[in-house]
Amino acid sequence: MTFGKNFLPGPTGVHPEVLEAMTAPMYAHFLPGVRPLLDAIQPPLQELLGTTRPVFAVTCSGTGLLEAAVRNTVRHRVLVVVGGFFGEYFATIAESCGREVIRAHVPPGQTIEPEQLEAFLDGPKIDTVALVHSETSTGALAPIEALAKVVHARDDVMLVVDAVSSAAGVPIEMDRIGIDFTVTGSQKALAVPPGLAIGAVSERLEARARTVPAAGHYFSVARWVANARDRKLFETPALSLYFALRRQLERVAATGGWPARYARHAALAARMAEWVATHPDVEFVARTGRRSPTISAIRLPERSPSPMDLVAQLDRQGFLIAPSLDPTMGKVIRIGHMGDTEVAHLDALLGAVEALL
């Protein structure tokens, strides 16, 4: 597939220079020679997540880090906001770890609002709030700063945020707004091949993690923080992915840094909104003011091909998009506009979609 034609919600297209970086020779990850690599990636990852805390990159999927967040944070009961597939996914992970889960349901395409979260927190006592920042199944973006204020008004309640499809596409200001555990992945807006999960925790969450029983060994947050701080890798890592990550971070720095990347994602979202506005029989699943800059879920007119047929027809033209994760939502397709995608790439896709409607 030609670079610039991948519009999946992930994994996104990877720039040829980043792929090339993966061909570098392997070396012993447990010797001091790995330190320059870890020194190089730490500052830009801290800037990415908006934190001065150590950022860890772990060889696993984002799911691994979500499970780690549950195991290291939730003592007994967690409130999980469910507004789509990945909110429910987070709740299922927490239940599989033996924690009691209270679901705060919101309709698909909507997000929980601060006053609603206040009402839920007036219910049964919880020790953690878990929510998805950018719900990849609906394209809805939660008002994370306002929600963080609500959480931190409560004593000893932690905020865990799935930022898998938002980080690198929208600013994450972890320290300023008070996120206790931020989770993202390499394969979305960061545009690195899948297989690395990236995260950071607040000082107070690190302290709690040291007291939560059965956090495990591989998924021990306290150990990850110590390793990141000391620039060490103990388990055998996917070194080729670290090489790709370092190269991509260098590319980001050379093209205007994170602010330029956020601006491009905003331009992509604006172009998507402009196209939908000129097609009155097409609509976003997410409401105005709560749309992610990285992913759009759009509902097609009844006369259009089925989502799977449309996906297949576009695939034959070299374009990759995704159907809905929930067939009950009707004729919905999902278009990822993130990573190294340019507006010109999106224009080409939208032209192809329009011809098929």
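Since the model is a prediction, treat every value here as computed from it, not as a measurement.

A. Layout of the pairing of strand β13 (residues 332–336). The element β13 is largely enclosed, with a buried count of 5 among its 5 residues. Pairing of strand β11 (residues 295–299) with β13, which is carried by 5 bridges, proceeds in the antiparallel orientation. Its bridge partner lying in β13, Ile298 is registered against Ile333. Bridge count between strand β12 (residues 322–323) and β13: 2 bridges; the pairing is antiparallel. Its bridge partner being in β13, Pro323 is matched across the sheet by Ile333.

B. Quick look at a nonpolar patch on the surface. There is a patch of nonpolar side chains on the surface, built from Phe85, Tyr89 and Leu325 and spanning about 240 Å² of accessible area. Relative accessible area serves as the criterion here: at 39%, Phe85 is assigned to the partly exposed category.

C. Seen up close, the packing of aromatic side chains. By the definition in use, this model includes 9 aromatic pairs. Residues Phe56 and Trp224 carry aromatic rings whose centres are separated by 5.3 Å and whose planes lie at 35 degrees to one another, so their mutual orientation is tilted. Here Trp224 lies in helix α9 (residues 221–230) and Phe56 lies in strand β1 (residues 56–59), a separation of 168 residues in the sequence. Ring geometry for Phe85 against Phe86: centres 4.9 Å apart, planes inclined by 75 degrees, an arrangement best described as edge-to-face.

D. Examining the pairing of β11 more closely. For β11, a buried count of 4 out of 5 residues is recorded, marking the element as mostly surrounded by other parts of the structure. Sheet topology places strand β10 (residues 283–284) next to β11; 2 bridges connect them, and they run antiparallel. Note on β11: the bridge partner recorded for Glu283 is Arg299.

Calculation criteria
- Residues numbered from 1 in each chain as written.
- Predicted model: local features only at pLDDT ≥ 70, side-chain atom pairs only at ≥ 80, totals over all residues.
- Heavy atoms only, no water.
- Buried < 20%, exposed > 50% of the residue type's maximum accessible area, 1.4 Å probe, protein only.
- Helix = DSSP H or I, 4+ residues; strand = E, 2+ residues; numbered from the N terminus.
- Pairing = 2+ DSSP bridges.
- Patch = residues over 30% accessible without salt bridge, like charges linked within 9 Å, V, L, I, M, F, W, Y side chains within 5 Å.
- Areas by Shrake-Rupley, 256 points an atom, 1.4 Å probe, with all protein chains shown as cover.
- Salt bridge = Lys/Arg side-chain N within 4 Å of Asp/Glu carboxyl O.
- Phe/Tyr/Trp six-rings, centres within 6.5 Å; stacked < 30°, edge-to-face > 60°.

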